[in-house]
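If you want the building blocks of each chain, they are given just below.
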Amino acid sequence: MFYILILFLLIFALFLRFIVGVELRSILTIYLLGLIVYFFSFAVAEMPTFGNPHNPAFNEVPERYLEAGPSETGAINIISSVITDYRAFDTLGEATVLFVAIAAVVATLKSHRD
Amino acid sequence: MESAGHQPVLIIVLLLISAFIAPLLYRRWRFLSGAVVLAALTGSFITALLLLSKSGASSSLSYHLGNWPPPWGIELIIDPLRVYMLLVVTGVSLWIFIYALGDLKHELHNDVIGWYYSLYAVLVASMSAITLTNDLFNLFVLMEICAITACAIITIKDQRECLEAGFKYLIMSAMGTGCFLLGVAMIYMVTGYLNYSFIQSELSLALTDYPLNIFTAAALFIVAFGTKAALFPLHVWLPDAHAAAPSPSSAMLSGLVIKIYAFALFMIFYRVFPRSLLDTIPLNEIILWLGAMGVMFGSIYAMLQTDLKKMLAYSSISQIAFIFMGIGLDQPLALTGGLYHIMVHAFTKSTLFMSAGAIIYSTGVRRISDLGGIGKVLPLPLFAFTIGSASMIGLPGTGGLISKWYLALGTLETGRILFLLVILASSLLNAIYYMPIVINAFMSGEEFKEKVKIVPLSMQVTLAAGMILVVISGIFSRQVIIFFEQALTSLY
Amino acid sequence: MTDILNILLLLFLIVCAVAVAHIRDLLSAVILFSAFGLIMAIIWQQLGAPDIAMVEAALGTGVAALLLIAAISKTKRAE
Amino acid sequence: MMDDQIVRITSRLVAPFIQLYGIYIILHGHLSPGGGFSGGAIFGASLVLIALSFNLEAGIKQISHQTASVLESGGALGFALTGLVAIAFGGNYLANRSAGFPLGEAGQFFSSGAILVITVFVGIKVASTITTLFYNIIEKEEPLGNHKQTD
């Protein structure tokens, strides 16, 4: 089975190289990307299913956010209470990202004006 | 764990606030904006020293942002290793900033210097936060800030190469950040936590249920940090970026920015991944081999360069690989060597880039072959260059010897003679490409022809300080090594 | 029914992404990119994240496309 | 930039409503989906729309270049200082209830203490970021109000 696959890939490479005229480098890139996709698909197949209540991600962390969020932070929008209260430091980081992006753009455009 | 006071977060916030007001001040009072950032850097360095005296060599303190306990909120941790890294980050950046105050006037447009100060302060803030944070998603946000600022302090120079190099760096580091985010998502999906300590205890259980997800995440982490820290096959952005940037930026990027990612990888290996994961897949082995290849190829590429700064940049690739070798050998002595090398290389490579910057500032010469006889007209920069080269080679009396010595002890302890040979060969190669410059500069008979400008005082002071630091790290290393020995016992 | 909608949206998303990468004319690429942003916004809504959908609709569809067009107007239109 | 009657009239009609909607989203971040990022993006997009459909001068009349960059630093600064206020009140950095900010009754407009303040600062920050970015990319070399039509 494995050897058949290799043989098929080789024939496909020859087909691409001599009949379609693709460069060798891009054939190699295609194969490498295919390999990565192949292995990633296994990891994806193993992931916990989306929305299943028995997932490991549904532990005490979101539980407290959902149950105690409104009384602990005063915001009935749970997302808002997470991003601006429980994890506000991340939001400060994101605001800094915006500031830095502007600083980078302004500085670069100013110095390369001509 | 006891509470830590507000010092850890004040370091970060002080720098951020100074960064936010520096460009506003620069419009009206140019002098003040530099002074504000300088004050913030000094303040953060002093605060880091206070933290060192507070935490000592074995205790660890934790700070809960917003008063939310760890799995719900973000946690900063102060333990000996992080305090060491924090001291290196804040100290070295303060030192480079003093140099930058003198050097920037001739490298940049007058209008953008305020923005440079601001970007610099944000960069230091993000790096100190990366050392302190105990939360994976927070680490991602900080890496994003660090990547953008590191790019911006390259492209800020008015030259075409800088744009090209910065763009290349931006693309590569965006790829690295993306890989990291994907890995964090996978880890979160199978454990449900973002806090390092909670992940570590949960991950050994999840390893039986979701092995492939965790392997993929580990691979993504290695690619992410490898790209950002210029681990051997992913280093392609580094030489252009570090060579094209203004000299203070080069010193900063080579001296600190790439090391912060090596340190973050170290933290992830020992504080996020449980021991059982490292035993299941040979992550350390991969890092070790890539590091050894980086040591060799970086040195060989550096030998072939004709541009002074490009040579220093390739030398950085081989030196950062030493730190990765220390992580890869997975053994206390080697880790001591690797971690000590973070500090030594920060001192040494910053000194080298500063002296290169001083040479370029006062003569405009960049080619290695044009440097004959320059030692007679610019004694101080070339003397600093000599001391730095000695430390790169690992001559006695410099810090380079100590870190390589402990790395070599680590290879002997684990019985891997091949890697000892790699370390020795790299020292030899370093000697081959550093020594001719020094000998040519001081001893060749030819006269130096170009016109020479006087080096500003702040640059001279920082160069002298660099020499002293390199020598001190070689002579008074005993204290730091004992500190590491105590700190590293918590890992095993 | 919503499954079919989701699959259709994802297919559109892939088509748009591939087209953005392949098209030679940069202005058309920008238009396709903003279509990509619009589809992405609907997908966020489908996944139950109205916050992100709002940001994506404003930024991904409008502002990002505008900034890209501004950048194109400074340079050349063809690749 | 675009010299078109329909575009002008439509955007003149629509822009105030977009701005109102953006402000609503920012201020009701703690009550309904949205918040600083989404509301700020919508508000900023409306300013860009005005600048685009009339000319840059009209956009700059709404919010000048200077003001935009001051607001931009000010938004981030305000966020960081809100955290310091929490320290002054005896909590940890960026604390809300534990630092003694009055929470109010959940569901009312004046509830959730520091969250509202932070949301407003983030909204200001995002809106001014978008306008600054747009101005900086669009205005160079050419004098104001005299832009060529882009394709």
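Look a little higher up for the structure.
Residues numbered from 1 in each chain as written. Chains lettered and ligands numbered in written order. Predicted model: local features only at pLDDT ≥ 70, side-chain atom pairs only at ≥ 80, totals over all residues. Heavy atoms only, no water.

## Quick notes on the interface of chain D and chain A
Listed as interface residues are 33 residues of chain D and, on the opposing side, 25 residues of chain A. On the chain D side of the interface with chain A, the three residues burying the most area are F37(D), F79(D) and I115(D), jointly 20% of the side's total. Applying the counting criterion to the chain D and chain A interface returns 0 salt bridges. Counting the contacts that link chain D with chain A gives 6 residue pairs in polar contact (both at pLDDT 80 or more). (Contact = heavy atoms within 4.5 Å. Buried area = accessible area lost by both parts, 1.4 Å probe. Salt bridge = Lys/Arg side-chain N within 4 Å of Asp/Glu carboxyl O. Polar contact = N/O pair within 3.5 Å; in protein donor to acceptor, adjacent residues only side chain to side chain.)

## Re helix α19 (residues 457–475) of chain B
All names here are of chain B. Here α19 contains 19 residues, and its C-alpha end-to-end distance of 27 Å stays within 8% of the 27 Å for a straight helix at 1.5 Å per residue. Among all positions of α19, only S458, M459, T462, L463, G466, M467, V470, S473 and G474 are buried. Its buried side turned inward, α19 meets α3 (80–107), α14 (332–363), α16 (379–393) and α17 (399–414). (Helix = DSSP H or I, 4+ residues; strand = E, 2+ residues; numbered from the N terminus. Expected span 1.5 Å × (residues − 1). Buried < 20%, exposed > 50% of the residue type's maximum accessible area, 1.4 Å probe, protein only.)

## Here's the deal with the arrangement of the chains
Among 5 pairs of chains with at least one contact, chains A and B form the most extensive contact set. Separated throughout, chain B and chain C approach each other most closely at a C-alpha pair spaced 15 Å apart.

## Some details on the environment of I42(D)
Tracing the sequence through the fold places I42(D) in helix α2 (residues 36–53). In sequence terms I42(D) and G91(D) are 49 residues apart; their C-alpha atoms lie 34 Å from each other. Ignoring any residue separated from it by four or fewer positions in sequence, one finds I42(D) in contact with M54(C), A58(C), I18(D), Y21(D), G22(D) and I25(D).

## Describing the pairing of strand β2 (residues 75–78) of chain B
All names here are of chain B. Neither face of β2 is open: one carries E75 and I77, the other L76 and I78, and all of them are buried. Inspection of the sheet shows strand β1 (residues 61–64) paired to β2 by 4 bridges, in the antiparallel sense. Counted as the bridge partner of L61 is I78 from β2. (Pairing = 2+ DSSP bridges.)

## Overview of the pattern of salt bridges
Here the structure, examined in full by the defined rule, presents 12 salt bridges over all chains. R87(A) is the salt-bridge partner of D135(B), the closest N and O atoms lying 2.7 Å from each other. Remark: R87(A) occurs in the loop between α4 (78–86) and α5 (88–111) and D135(B) occurs in the loop between α4 (113–132) and α5 (136–155); the pair is interchain, linking two chains. With a relative accessible area of 1%, D135(B) lands in the buried category. Classification of R87(A) as buried rests on a relative accessible area of 11%. In the salt-bridge network here, residues are joined through shared partners; they are R87(A), D90(A) and D135(B).

## Quick word on the nonpolar core
If you look at soluble globular proteins, the nonpolar side chains tend to sit buried side by side. Judged by nonpolar contacts, the single largest core of 232 residues is most densely connected at L136(B), F180(B), F225(B), F266(B), F269(B), F273(B) and Y93(D). The leading source of residues in this core is helix α10 (residues 247–272) of chain B, at 18 residues. Contacts of L136(B), omitting those with residues within four sequence positions, involve F180(B), V184(B), I187(B), L194(B), Y196(B), I199(B) and I268(B). (Core = buried A, V, L, I, M, F, W, Y, C linked by side-chain atoms within 4.5 Å.)

## What to know about the side chain of S80(A)
Summarising the element assignment, S80(A) is placed in helix α4. Taking relative accessible area as the criterion, S80(A) reaches 3% and is therefore assigned buried.

## As for unusual backbone geometry
Trans peptide bonds make up the majority, and among non-glycine residues the majority have a negative phi. All names here are of chain B. The phi torsion at N67 lies on the positive side, around 60°, for a residue other than glycine. With respect to the secondary-structure elements, N67 resides in the loop between β1 and β2. Using a relative accessible area of 32% as the deciding quantity, one classes N67 as partly exposed. One non-glycine residue, D330, lies in positive phi territory at about 55°. Following the sequence through the fold, D330 ends up in the loop between α13 (308–329) and α14.

## Considerations on a nonpolar patch on the surface
Residue and element names in this part refer to chain A. Taken together, the side chains of L5, F8, L9, F12, L14, F15, F18, I19 and V20 define a hydrophobic patch exposed on the protein surface, amounting to about 920 Å² of accessible area. By the secondary structure assignment, I19 is in helix α1 (residues 2–20). Here I19 falls in the exposed class, since its relative accessible area comes to 64%. (Patch = residues over 30% accessible without salt bridge, like charges linked within 9 Å, V, L, I, M, F, W, Y side chains within 5 Å. Areas by Shrake-Rupley, 256 points an atom, 1.4 Å probe, with all protein chains shown as cover.)

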